[in-house]
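Listed here are the chains, written in short residue letters.
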Amino acid sequence: MDMIVLLGEKRRRKKELNGDSTLSICCWWEEERYPEGIKWKFLEHKGPVFAPPYEPLPENVKFYYDGKVMKLSTKAEEVATFFAKMLDHEYTTKEIFRKNFFKDWRKEMTSEEKSTITSLSKCDFTHMSQYFKAQSEARKQMSKEEKQKIKEENERLLKEYGYCVMDNHKERIANFKIEPPGLFRGRGNHPKMGMLKRRIMPEDIIINCSKDSKIPAPPPGHKWKEVRHDNKVTWLVSWTENIQGSIKYIMLNPSSRIKGEKDWQKYETARRLKKCVDKIRNQYREDWKSKEMKVRQRAVALYFIDKLALRAGNEKEEGETADTVGCCSLRVEHIKLHPELDGQEYVVEFDFLGKDSIRYYNKVPVEKRVFKNLQLFMENKQPEDDLFDRLNTSILNKHLQDLMEGLTAKVFRTYNASITLQQQLKELTNPDDNIPAKILSYNRANRAVAILCNHQRAPPKTFEKSMMNLQSKIDAKKEQLADARRELKSAKADAKVRRDEKSKKIEEQLMKLEVQATDREENKQIALGTSKLNYLDPRISVAWCKKWGIPIEKIYNKTQREKFAWAIDMAEEDYEF
DNA sequence: GGTGATACTTAGAAGACGGGGT
DNA sequence: ACCCCGTCTTCTAAGTATCACC
């Protein structure tokens, strides 16, 4: 595989540089890799950190039912506090949320409570809510020493539980704290919103570690559900969550060998797709003409996945989650066909909710054949029928596997994201620009990818204000520049040079602010982080930084540099995706 | 081919932090 | 010294994909 060749090449280069006859290994990416399936040989950790136990409210904090003070049992009170803490959120006004919450809350009540509390609308949590607000206010007002104490306690916890040993490395664990109990908040219109997420106990926990490691001890008086020694998986701890019945895991940080290697491999697969994407595109264009309906549907779906970077679209259990779709699960109601729209022919209008209930809205001119096929697929169907009724992700991925080893639908997103970044960087970088302007170009290239992948964010609540602030800074700077120029004009010859330098400096500052304003404005509803972290081959960015003399810190923050350490070490300025 | 279980990646929001301005 | 705002970090939900079993 390419990776192995690259590995050897890099080592050789390093060896030559060092004049070293021994092979010096310093990082995981210079190590030998395990055979398929084996994830580690040694794994030792301290187990998870549990959520702190519930602390009952002080006596003076009251809950009212139907206008009268009511003392709740500890269990019922705990669940009530979950609701009280969310009182300001619009969640708590939603019918489904209230219904689910009330149903689960009642399960925690004593029989007396159950018979008294029969209506959520008669419950008054405002005093409890005020108490929590005062608490968080008090936390902000804590003295330096108190804050320091908390910080030290967190550091101690991190030091003790935040790391594990996997083979020869001490690795950071991503999420060593067990999720605390609370009310489930789904995204979008989730049928289970408001349900009680129960407290996880040691008896729920499966520990995974190696036989010859020091096995973590359960909290006193408790037992683990199970201790196993499975080195075919990467997780350290797992438990089953009660809302969807799905399994949750404690795994390693992105900077770890096990995650980094996989990430690297992901980009190598995408690069292999680059080599055969033309062939695959020709193939699916041919398949638009197939006699078989199944093949045509597959070919049109693949075209969407490739052209529009849609997700695969697995089936979901109805009523268990928010109603969202991806490519294969698109329904007739999610597209509109326009033989002609705004002077363009064969336009498909997409409007559906994707992952996290983020809306995908796009009007796309397509080839005539695609358009005709879509008309065919929609014939005699109801709006709620599947658009691709002969297709699912399993069929699609099986086909992709035949086209290229390791090819799945998501590889197209990775490939198209990375190749777009590379192209856009080539197109947008102006060699004469200064560093801030070059970074604007980088962000614009990144933005092109985020738009392709439909990575949106809610415009920050303070967006307008922050733009205003920036604008007033710009105005002030302009004023300053005008002053400096007047001074320059009237300055005596011997002071001219000094004055000129001053103007230049102010000019540069002004430009930096203006670039910042442009960047922020363009970024109002776009989230760059997701593509940067998950879709863009980091070696493209590293190479770009090297080529133009941009410090890598301008592109990646500390966490990102840790995650992409392999790429920062590996990529040279001539790297090509 | 369908189905449920499992393991892993990808995702936006919320909360914590910290640096610059006053 | 404090506060405000942008950035970083954490949190955990929501996807993708594969596999065993029928």
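- Named according to an unreviewed UniProt entry, chain A is DNA topoisomerase I originating from Catharus ustulatus.
- Looking at the Catalytic activity (unreviewed entry) heading of the UniProt record, one finds this comment for chain A: "ATP-independent breakage of single-stranded DNA, followed by passage and rejoining."
- The UniProt entry for chain A carries the following comment under Sequence similarities (unreviewed entry): "Belongs to the type IB topoisomerase family."

### With respect to the pattern of salt bridges
Part 1: Tallying each qualifying case throughout the model produces 35 salt bridges.
Part 2: A salt bridge links Glu78 to Arg199, with the nearest nitrogen and oxygen atoms 3.0 Å apart. Separated by 121 residues along the polypeptide, Glu78 in helix α2 (residues 74-85) and Arg199 in the loop between β8 (196-197) and β9 (206-208) bring together distant segments of the chain.
Part 3: Under the relative-accessibility criterion, Arg199 is labelled partly exposed at 25%.
Part 4: Asp389 is paired through a salt bridge with Lys381; the nearest N and O atoms lie 2.7 Å apart.
Part 5: Taken together, the shared-partner salt bridges in this structure form one network comprising Lys46, Glu153, Arg156 and Glu160.

### Here we look at the side chain of Asn100
Part 1: By secondary structure assignment, the location of Asn100 is in helix α3 (residues 95-108).
Part 2: Classification of Asn100 by relative accessible area gives buried; the value is 10%.

### Thoughts on the sheet that holds strand β6 (residues 169-172)
One key point about sheets: their strands pair by backbone hydrogen bonds, in either a parallel or an antiparallel sense.
Part 1: Strand order in this open sheet of 3 strands is β1-β5-β6, and the pairing throughout is antiparallel. The outermost strands of the open sheet, each flanked by one partner alone, are β1 (43-44) and β6.
Part 2: With 2 bridges joining them, β1 and strand β5 (residues 163-166) adopt antiparallel strand pairing. Of the residues in β5, the one forming a bridge with Glu44 is Val165.

### Here's the deal with the environment of Trp29
Part 1: By secondary structure assignment, the location of Trp29 is in the loop between α1 (2-18) and β1.
Part 2: Considered as a pair, Trp29 and Asp569 are 540 residues apart in the sequence and their alpha carbons are 9.4 Å apart.
Part 3: Here Asp569 takes part through its side chain, which lies 2.7 Å from a polar atom of the side chain of Trp29.

### Let's talk about the UniProt feature "active site" (unreviewed entry) in chain A
Part 1: According to UniProt, the positions carrying the feature "active site" (unreviewed entry) are Tyr535.
Part 2: Among the structural elements, Tyr535 can be located in the loop between α15 (529-534) and α16 (538-548).
Part 3: The exposure class of Tyr535 is buried, given its relative accessible area of 15%.
Part 4: For Tyr535, the contacting residues outside a window of four places in its chain are Tyr267, Arg413, Thr414, Ala417, Ser418, His455 and Thr530.

### Details of the protein's contact with DNA strand B
Part 1: Around DNA strand B, 28 residues are found, and the nearest of them are Lys259, Arg311, Lys355, Thr530 and Tyr535.
Part 2: Thr530 has a polar side-chain atom sitting 2.7 Å from a phosphate oxygen of DNA strand B.
Part 3: One of the side-chain nitrogen or oxygen atoms of Tyr535 is found 2.9 Å away from a phosphate oxygen of DNA strand B.
Part 4: Of all the secondary structure elements, the ones that give two or more residues to the surface near DNA strand B are β12 (247-250), α7 (257-287), α11 (409-428) and α15.
Part 5: Looking at which element gives the most residues to the surface near DNA strand B, the answer is α7, with 3 residues.
Part 6: Taken together, the residues of the surface near DNA strand B sort by class into 8 nonpolar, 7 polar and 13 charged.

### Side note on the layout of surface pockets
Part 1: The calculated volume of the second largest pocket comes to roughly 1100 Å³.
Part 2: What lines the second largest pocket is a set of 30 residues, and nearest its centre among them are Pro52, Pro53, Tyr54, Glu55 and Lys85.
Part 3: Elements represented by at least two residues in the lining of the second largest pocket include exactly α2, α5 (126-140) and β7 (182-183).
Part 4: Here the lining of the second largest pocket gets 6 residues from one element, more than from any other, and that element is α5.
Part 5: Residues that form the lining of the second largest pocket fall into these classes: 18 nonpolar, 4 polar and 8 charged.

### Examining unusual backbone geometry
Part 1: Within the chain, Ala309 stands out as a residue other than glycine whose phi angle is a positive 55°.
Part 2: The topology assignment puts Ala309 in the loop between α8 (293-308) and β13 (335-341).
Part 3: Relative accessible area serves as the criterion here: at 2%, Ala309 is assigned to the buried category.
Part 4: Look at Asn454: it is not a glycine, yet its phi comes out positive at around 60°.
Part 5: Residue position: Asn454 is located in the loop between α12 (435-452) and α13 (463-490).

### What about the packing of α8 against helix α10 (residues 393-403)?
Part 1: One can describe the packing of α8 onto α10 by two numbers: an axis separation of 11 Å at closest approach and a directional angle of 80°. As far as their axial angle goes, α10 and α8 are roughly perpendicular. Contacts between α8 and α10 involve Lys294, Arg298, Leu302 and Ile305 on the former and, on the latter, Ile395, Leu396, His399 and Leu400.
Part 2: Along the lines of polarity and charge, the residues of the contact of α8 with α10 split into 5 nonpolar, 1 polar and 2 charged.

### Things to note about empty space enclosed by the protein
Part 1: Tallied over the entire structure, the rule returns 2 cavities of 30 Å³ or more.
Part 2: The volume enclosed by the largest cavity comes to roughly 50 Å³.
Part 3: Around the largest cavity sit Glu179, Lys197, Arg198, Ile200, Trp239, Glu241 and Asn242, which together line it.
Part 4: In terms of residue class, the lining of the largest cavity is built from 2 nonpolar, 1 polar and 4 charged.

### Side note on the packing of aromatic side chains
Part 1: In this structure the tally under the stated criterion is 29 aromatic pairs.
Part 2: Here Phe83 and Phe125 contribute two aromatic rings whose centre-to-centre distance is 4.9 Å and whose plane-to-plane angle is 45°, an arrangement assigned as tilted. Separated by 42 residues along the polypeptide, Phe83 in helix α2 and Phe125 in the loop between β4 (123-124) and α5 bring together distant segments of the chain. Comparing Phe83 with Phe125, the two get one shared label, buried.
Part 3: A centroid spacing of 5.2 Å and a plane angle of 45° characterise the contact between Tyr442 and Trp544, whose relative ring orientation is tilted. Within this pair, whereas Tyr442 is found in helix α12, its partner Trp544 is found in helix α16, the two being separated by 102 residues in sequence.
Part 4: Over the aromatic face of Phe132 sits the side chain of Lys85, whose NZ or CZ is 4.8 Å from the ring centroid.

Conventions used here
- Residues numbered from 1 in each chain as written.
- Chains lettered and ligands numbered in written order.
- Predicted model: local features only at pLDDT ≥ 70, side-chain atom pairs only at ≥ 80, totals over all residues.
- Heavy atoms only, no water.
- UniProt positions renumbered as here; feature names shortened; annotations may be inferred.
- Salt bridge = Lys/Arg side-chain N within 4 Å of Asp/Glu carboxyl O.
- Helix = DSSP H or I, 4+ residues; strand = E, 2+ residues; numbered from the N terminus.
- Buried < 20%, exposed > 50% of the residue type's maximum accessible area, 1.4 Å probe, protein only.
- Pairing = 2+ DSSP bridges.
- Polar contact = N/O pair within 3.5 Å; in protein donor to acceptor, adjacent residues only side chain to side chain.
- Contact = heavy atoms within 4.5 Å.
- Near = heavy atom within 4 Å.
- Nonpolar A, V, L, I, M, F, W, Y, C, P; charged D, E, K, R; others polar.
- 1 Å grid on protein atoms, 1.4 Å probe; cavity = no way out; pocket = protein on both sides within 12 Å on 5 of 7 lines; lining within 4 Å.
- Points joined across faces, edges and corners; volume = space filled by probe spheres on them.
- Axes fitted to C-alpha atoms, helices over the stretch in contact; angles between N-to-C directions.
- Parallel < 35°, antiparallel > 145°, perpendicular 65-115°, else oblique.
- Phe/Tyr/Trp six-rings, centres within 6.5 Å; stacked < 30°, edge-to-face > 60°.
- Lys NZ or Arg CZ within 6 Å of the ring centre and 35° of its normal.

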